[in-house]
Amino acid sequence: MMRFTRLDHFEIIQQLRSDYLHTLLAPMDGMWESVIIAEATFWEIQDQERHAGHFCLDSSNNLLRFYLIKEYQAQAQEIFQKIVSTYELQYAITSTIEPLYFALCLDFQKSITPQSYLFRDHKYIKATDDLFAQPFRKAEKSEFNALVSFYQENAEGPGEWIEPFLHERLDREELFVGFSQHTLIATGECIPSQRQPPYADLGMVVAQPYRGRGLGRSVLLHLKEYCYEVGWKPICSCTVNNHASKKAIERAGFFSEQRMVKVTFSRE
């Protein structure tokens, strides 16, 4: 008889997370894996004390992940339906890089809404410094306060994440800056994946008065050059409604063939 048991053992959860990434068709978005999944609760699927798989939920009881070992995949629909029913799940977040999980969400969905594009690098384009008065370079720790102000003014969403995020990026030398004279006009993030080497997630923030001038593309091209130099494979993502970011990413030689979606389950 199938039963579900919450997992609390840190090492077991970390091993499940790492093993799961090897089953995907493409690398998972780094922010999703390192923030959303890291804060989720993990549940083991057991068949009479035997490990059959796992799933995880966020604090709003949204399904974020579902996995079965090979011996139980023939029962996937039945097990998945039982989880949705047992926990009265209304929503799931899944992606096209998770074949079984994505397919099962299709089986039980009432609606599906695209959430974000997952991009891979597919074309080399040489970076230039034409848009920056000074060379695009790594940020320095002494610039922390200026960077906090810059992100508060120009990054999306609530700002609680900004200071710890910037501390970590500066400590790991993963943050880059571009200036016009003495004005900070753009930043770039190049975050190597701890679980999915040799991939590195790229991000950018452009000052609002300077948007629409190609700075986002330029930042990404510089970050790609850096990845090539150190042996990383650049990837990135953006939400489906961020048309400016999508355009900049595509013009920097990235292509999206994968999506993340939000699924609403039928209540029948």
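Residues numbered from 1 in each chain as written. Predicted model: local features only at pLDDT ≥ 70, side-chain atom pairs only at ≥ 80, totals over all residues. Heavy atoms only, no water.

Trainee: Any details on the side chain of E189? Residues and values, ideally.
Mentor: With respect to the helices and strands, the residue E189 is situated in strand β9 (residues 183-192). R169 provides the closest opposite charge to the buried, unpaired E189, separated from it by 6.8 Å. Among the polar contacts made by the side chain of E189, one reaches the side chain of Y151 at a distance of 2.7 Å. Sequence-distant contacts of E189, that is, excluding residues within four places in its chain, are made with Y151, F165, E174, L175, D201, L202, G203, M204, V205 and L223. (Helix = DSSP H or I, 4+ residues; strand = E, 2+ residues; numbered from the N terminus. Buried < 20%, exposed > 50% of the residue type's maximum accessible area, 1.4 Å probe, protein only. Lys, Arg positive; Asp, Glu negative; His and termini not counted. Salt bridge = Lys/Arg side-chain N within 4 Å of Asp/Glu carboxyl O. Polar contact = N/O pair within 3.5 Å; in protein donor to acceptor, adjacent residues only side chain to side chain. Contact = heavy atoms within 4.5 Å.)

Trainee: Go over unusual backbone geometry, please, and point to the residues and values.
Mentor: Glycine aside, negative phi is the norm for most residues, and most peptide bonds take the trans geometry. Following P197, the chain continues into P198 via a peptide bond in cis, with omega recorded as 10°. Within the element layout of this structure, P198 appears in the loop between β9 and β10 (199-206). Positioned with a positive phi, E49 is a non-glycine residue whose angle comes to about 75°. As for its placement among the helices and strands, E49 is situated in the loop between β2 (41-47) and β3 (50-57). Using a relative accessible area of 58% as the deciding quantity, one classes E49 as exposed. Within the chain, Q181 stands out as a residue other than glycine whose phi angle is a positive 55°.

Trainee: Lay out helix α1 (residues 10-21) in plain terms, naming residues and giving numbers.
Mentor: Here α1 is 12 residues long and its end C-alpha atoms lie 17 Å apart, about the 16 Å a rise of 1.5 Å per residue gives. Of the positions making up α1, those classed as buried are I13, Q14, L16, R17, Y20 and L21. All buried residues of α1 fall inside an arc of 160° around its axis, so they share one side. Structurally, α1 contributes buried residues whose contacts are with β1 (2-7), α2 (30-37), β2, β3, β4 (63-68) and α4 (99-108). (Expected span 1.5 Å × (residues − 1). Arc of directions from axis to C-beta.)

Trainee: An account of helix α8 (residues 243-251) is requested, with residue identities and associated values reported.
Mentor: Within α8, the full set of buried residues consists of S245, A248 and I249. Here the buried residues of α8 occupy an arc of 100° about the axis, which is enough to place them on one side. Every exposed residue of α8 that faces more than 90 degrees away from the buried side is listed here: H243 and K247. Packed against the buried residues of α8 are β6 (109-121), β10, α7 (215-230), β11 (233-239) and β12 (254-265). Backbone geometry just after α8 places G253 at a positive phi near 95°.

Trainee: Can you lay out the packing of helix α3 (residues 76-86) against α4 for me, pointing to particular residues and giving the numbers?
Mentor: The geometry of α3 relative to α4 is characterised by a closest axis approach of 10 Å and an angle of 65° between their N-to-C directions. Regarding the angle of α3 to α4, the classification is roughly perpendicular. Relative to α4, the crossing made by α3 is right-handed. Contacts from A76, Q77, F80 and Q81 in α3 reach L100, Y101, L104, C105, D107 and F108 in α4. For the contact of α3 with α4, the per-class residue count stands at seven nonpolar, two polar and one charged. (Axes fitted to C-alpha atoms, helices over the stretch in contact; angles between N-to-C directions. Parallel < 35°, antiparallel > 145°, perpendicular 65-115°, else oblique. Left-handed = near helix turned anticlockwise from the far one by under 90°. Nonpolar A, V, L, I, M, F, W, Y, C, P; charged D, E, K, R; others polar.)

Trainee: Help me get a handle on the pairing of β2, residues and values and all.
Mentor: Counting buried positions along β2 gives five out of seven residues, so the element sits mostly inside the fold. Alignment of β1 against β2, held across six bridges, turns out to be antiparallel. Bridge pairing in β2 places M2 opposite D47. Relative to β3, β2 runs antiparallel, the two sharing seven bridges. By the bridge assignment, W43 is partnered in β3 with F55. (Pairing = 2+ DSSP bridges.)

Trainee: Go over the packing of aromatic side chains with me, naming the residues and quoting the values.
Mentor: A complete count under the given rule lists 20 aromatic pairs for this structure. Ring centres 5.1 Å apart and planes at 90° place the aromatic pair F66 and F80 in the edge-to-face group. One end of the pair, F66, is in strand β4; the other, F80, is in helix α3, with 14 residues separating them in the sequence. The burial state of F66 is the same as that of F80; both residues are buried. One aromatic cluster is present, formed by F66, F80, Y101, F108 and F265 through successive ring pairs. When the ring centre of F165 is taken as origin, the NZ or CZ atom of R169, which lies over that ring, is 4.9 Å away. One Lys or Arg, K262, reaches over the ring of Y91 and ends 4.5 Å from the middle of that ring. (Phe/Tyr/Trp six-rings, centres within 6.5 Å; stacked < 30°, edge-to-face > 60°. Lys NZ or Arg CZ within 6 Å of the ring centre and 35° of its normal.)

Trainee: Describe the environment of I235, naming the residues involved and giving the relevant values.
Mentor: Positionally, I235 belongs in strand β11. On the basis of relative accessible area, I235 is assigned to the buried category, the value being 6%. Each C-alpha atom of the pair I235 and A200 lies 6.0 Å from the other, and the pair is 35 residues apart in sequence. When residues no more than four places from it in sequence are discounted, the contact partners of I235 are P27, M28, F119, Y199, A200, D201, L202 and F254.

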